[in-house]
Amino acid sequence: MQILARCPKCDAGLPVRGDEQAAAIRCGRCGRDIPLKISDAVRSDRKVDRCPVCDGADFYGRKDFDPKVGLTVVIIGAIVSGAFYWFGRDLVAYGILAGAVLVDLVVYGRLKDLTVCYRCHTEFRGACARSAPAFDLHTADVLEQEYERRIGRR
Ligand SMILES: [Zn+2]
Ligand SMILES: [Zn+2]
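Criteria and thresholds
- Residues numbered from 1 in each chain as written.
- Chains lettered and ligands numbered in written order.
- Predicted model: local features only at pLDDT ≥ 70, side-chain atom pairs only at ≥ 80, totals over all residues.
- Heavy atoms only, no water.
- Donors = N, O, S within 2.8 Å, 3.2 Å for Na, K, Ca; no water.
- Tetrahedral: all angles 85-135°; square planar, octahedral: opposite > 155°, others 65-115°.
- Buried < 20%, exposed > 50% of the residue type's maximum accessible area, 1.4 Å probe, protein only.
- Helix = DSSP H or I, 4+ residues; strand = E, 2+ residues; numbered from the N terminus.
- Expected span 1.5 Å × (residues − 1).
- Arc of directions from axis to C-beta.
- Core = buried A, V, L, I, M, F, W, Y, C linked by side-chain atoms within 4.5 Å.
- Pairing = 2+ DSSP bridges.
- Axes fitted to C-alpha atoms, helices over the stretch in contact; angles between N-to-C directions.

Student: Would you take a moment to explain the coordination of the zinc ion (ligand 2) for this structure?
Tutor: Any two of four tetrahedral donors ideally make an angle of 109.5 degrees at the metal, while pairs among six octahedral donors ideally make 90 or 180 degrees. Distances from the zinc ion (ligand 2) to its protein donors, C51 (SG), C54 (SG), C117 (SG) and C120 (SG), fall within 2.2 to 2.3 Å. Coordination at the zinc ion (ligand 2) is tetrahedral: its four donor atoms span angles of 100 to 115° at the metal. In the primary sequence, the donor residues of the zinc ion (ligand 2) line up as C-x2-C-x62-C-x2-C.

Student: Hey, could you run me through the coordination of the zinc ion (ligand 1) in this one?
Tutor: In this structure, C7 (SG), C10 (SG), C27 (SG) and C30 (SG) serve as the protein donors to the zinc ion (ligand 1), at separations of 2.2 to 2.3 Å. Residue class for C7 comes out buried when judged on its relative accessible area of 0%.

Student: What am I meant to see in helix α4 (residues 137-150) here?
Tutor: In an α-helix there are 3.6 residues to a turn, and that puts residues three or four apart on one side. With 14 residues, α4 extends 20 Å between its outermost C-alpha atoms, agreeing within 8% with the 20 Å of an ideal straight helix rising 1.5 Å per residue. All of the buried residues along α4 are A140, L143, Y147 and E148. For α4, the arc enclosing every buried residue in end-on projection is 135°, short of the 170-degree limit, so these residues lie on one face. The outward face of α4, more than 90 degrees from its buried face, is lined by the exposed residues H138 and R149. The positive-phi residue at the C-terminal boundary of α4 is G152, with phi of around 80°.

Student: What am I meant to see in the nonpolar core here?
Tutor: Across soluble globular proteins, nonpolar side chains have a tendency to be buried as a group. Counting residues in hydrophobic clusters, the biggest one holds 24 residues, and the most contacted among them are C51, V53 and F124. Broken down by secondary-structure element, the contributors of at least two residues to this core are β1 (2-6) and β2 (13-17).

Student: How should the pairing of β1 be read in this particular structure?
Tutor: Every other side chain in a regular strand lies on the same face of the sheet, so the side chains alternate between the two faces. What you see with β1 is a clean split: I3 and A5 sit on the buried side and Q2, L4 and R6 on the side with no burial. Strand direction decides the pairing type here: β1 and β2, joined by five bridges, are antiparallel. Residue pairing for β2: A5 is matched across the bridge by L14. Taking the residues that link successive antiparallel strands as the turn, the β1-β2 hairpin has six residues, and the phi of D11 there is positive, at about 70°. Examined bridge by bridge, β1 and strand β7 (residues 123-125) share three bridges and lie antiparallel to one another. Within β7, the residue paired with L4 across the bridge is E123.

Student: What is the right way to look at helix α3 (residues 90-109) in this model?
Tutor: For α3, built from 20 residues, the straight-helix expectation of 28 Å at 1.5 Å per residue is met to within 8% by its first-to-last C-alpha distance of 29 Å. Within α3 the residues assigned to the buried category are A93, A100 and D104. Along the axis of α3, the buried residues cluster in a sector spanning 40°; they form a single face. Those residues of α3 that are exposed and aimed more than 90 degrees away from the buried face are L91, Y94, L102, L105 and G109.

Student: Is there a simple way to think about the sheet that holds strand β6 (residues 113-117) in this case?
Tutor: Backbone hydrogen bonds hold the strands of a sheet together, and the pairing may be parallel or antiparallel. Pairing within the open sheet is antiparallel, and its five strands lie in the order β2-β1-β7-β6-β5. On the outer flanks of this sheet lie β2 and β5 (59-63), each paired with one strand and no other. Here the average twist between neighbouring strands, direction ignored, is 25°. Direction of pairing for β6 relative to β7: antiparallel, over a ladder of two bridges. Looking at β7, one finds that T115 is bridged to F124.

Shown next as structure tokens:
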């Protein structure tokens, strides 16, 4: 499992392997030591049950999607189809635009699932099946505040 731990102090993303043996990692940006408590289930890539950074057990799942990639495909499609439109080939133009949207959909459908910790936003990418429910704003509000109070940000 690949873990992207979030530094509680500066929010930097720190890649950690699920089978990491160290009990703590140091943030490369601000130098803070972040203790890690990797549970057995996370270590063996069975499921995400405990967050190694904040010890929380509340997660949500989302697609591992980089919006920039999707947007780029659509923009390139729009530019190319705009050029065809300019030369009076509107059918080709619409075809290309539809193709760009289609490529986006295919890419989206093949994306892997990602599990995210509600409290500290640490991300988990692994082979195990996603068990976390979809994002819930109310839960996020409550848990983020609780966590920020705990680490003294508020
Ligand atoms: Zn940091
Ligand atoms: Zn966490």
